[in-house]
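Examining the three-dimensional arrangement
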Amino acid sequence: KITVLGSINMDIVMKVEEMPLKGETISVQDVLHIGGGKGANQAVAASRAGGKTNFIGKVGKDEDGSTLCSLLKEDNIDISHVKVDEQYATGRAFIMVNRNGENSIMVHSGANMTIEDKDVADAQAVIRESDFVVSQFEVPVHAIEEAFKYAKEHHVCTILNPAPAIAKLDSPLLAHTDIIIPNETEAASLTGVIVDSEASMLEAAKRFVEMGVRYVIITLGSKGAFYYSADSEFGFVSAFKVKAVDTTAAGDTFIGALASQLNVVEGKITNMEEAILFANKASSITVQGEGAQPSIPHKQQIDAVM
Ligand code: ADP
């Protein structure tokens with residue numbers, strides 16, 4: 001069982017020819033409303049990949065909130081720990097995509113940022129019964145710390161995706177993190193090591209281990225992923241060669257799919273390479289489709305990738 005503590009947003013995708021300049025008014029060719037938010041995307045990826053999935057999060061008292069909750073439910077995600085905030089609106093991301101597929105994104109966190117320790121405390125039973133607890137930085141770090149601390153007390157494996165990148169982490173969170181999964185930018189911002197070669201990946205991974213993490217997986221876009229464990233085992237798993245049209249939710253798919261496959265025996269991961277291979281397959285499908293949740297694949301599709 002996988003529990004995701006995280007963000008849930010309505011993505012408002014606006015298709016434009018060119019991004020507007022300062023002071024300019026442009027017309028939008030098409031507006032789409034798509035389910036998003038890193039937390040929700042990772043939950044959808046885990047569930048579609050075959051994992052029994054719970055979501056802990058917050059929406060506003062509005063139509064976006066109820067639409068997004070129905071979408072999660074349709075994906076067989078248990079939403080009994082999604083609360084409705086009385087004051088703030090459901091999180092929204094305003095995404096402009098130009099004709100070259102490049103994007104500019106503005107996020108209003110809204111209800112996501114009102115998640116507090118009490119919300120985590122109310123979900124203790126579901127955390128305790130999970131195999132994995134997964135989170136990201138689109139919800140308050142303090143709430144993540146509460147969840148991870150509680151998870152570790154109950155021998156539940158914790159997975160942190162430190163995204164979006166933050167420059168400094170003023171929290172002992174990594175001491176309660178079993179697996180950290182950053183991309184190259186996020187790895188660099190937390191360790192201070194520019195990640196651009198095998199030696200620098202090893203260096204960044206070692207810094208994370210010094211901060212208390214046991215496994216490090218750095219995702220490398222079209223190159224695949226690098227992994228490292230506290231007992232110094234490391235390696236690469238290549239990505240699949242595909243034509244990427246929109247990389248939104250590539251990282252989220254990787255994380256959800258990975259969590260659905262990992263085997264942990266007495267605190268040790270026994271199938272790291274196979275699980276990463278599966279996650280690479282899953283995200284290679286996501287990058288071939290547009291938008292966040294609509295492009296996340298189901299297990300059958302992932303297993304069919306050669
Ligand atoms: P993020 O989306 O968080 O920045 P990455 O860009 O590192 O994360 O992508 C996550 C994973 O998605 C990669 O490890 C890889 O498996 C897959 N992926 C990303 N971009 C491509 C691509 N162009 N072709 C194939 N796979 C890709």
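Now for a description of the structure that goes with this document. No experiment lies behind these values; they were computed from the predicted model shown.

What counts as what
- Residues numbered from 1 in each chain as written.
- Predicted model: local features only at pLDDT ≥ 70, side-chain atom pairs only at ≥ 80, totals over all residues.
- Helix = DSSP H or I, 4+ residues; strand = E, 2+ residues; numbered from the N terminus.
- Buried ≥ 20, exposed ≤ 12 C-beta atoms within 10 Å, placed from the backbone.
- Contact = placed C-beta atoms within 7 Å.
- Axes fitted to C-alpha atoms, helices over the stretch in contact; angles between N-to-C directions.
- Left-handed = near helix turned anticlockwise from the far one by under 90°.
- Nonpolar A, V, L, I, M, F, W, Y, C, P; charged D, E, K, R; others polar.
- Parallel < 35°, antiparallel > 145°, perpendicular 65-115°, else oblique.

**Here's the deal with the environment of Gly91**
Checked against the element boundaries, Gly91 lands in strand S6 (residues 91–97). Classification of Gly91 by C-beta neighbours within 10 Å gives buried; the count is 30. Considered as a pair, Gly91 and Leu160 are 69 residues apart in the sequence and their alpha carbons are 21 Å apart. When near neighbours in sequence (up to four residues on either side) are disregarded, Gly91 contacts Ser7, Ile8, Asn9, Gly37, His108, Ser109, Gly110, Ala111 and Asn112.

**Let's talk about the packing of helix H8 (residues 250–261) against helix H9 (residues 272–286)**
Think of two packed helices as two axes; the pair is described by the angle between the axes and how far apart they sit. At a minimum axis separation of 8 Å, H8 and H9 run at an interaxial angle of 145°. Between H8 and H9 lies a crossing of right-handed hand. Facing Ala250, Thr253, Phe254, Ala257, Leu258 and Gln261 of H8, the residues of H9 in contact are Ala275, Ile276, Phe278, Ala279, Ala282, Ser283 and Thr286. Here the contact of H8 with H9 is built from residues that sort into 9 nonpolar, 4 polar and no charged.

**Comments concerning the packing of helix H1 (residues 38–48) against H8**
Direction vectors running N to C along H1 and H8 enclose 45°, while the axes themselves pass 7 Å from each other. Comparing the axis directions of H1 and H8 gives the class oblique. In the crossing of H1 with H8, the sense of the turn from one axis to the other is right-handed. Listed contacts from H8 to Lys38, Asn41, Gln42, Ala43, Val44, Ala45 and Ala46 of H1 are Asp252, Thr253, Ile255, Gly256, Ala257, Ala259 and Ser260. Of the residues that constitute the contact of H1 with H8, the class distribution is 7 nonpolar, 5 polar and 2 charged.

So, to be careful, I would describe these as geometric facts and stop short of saying anything about function.
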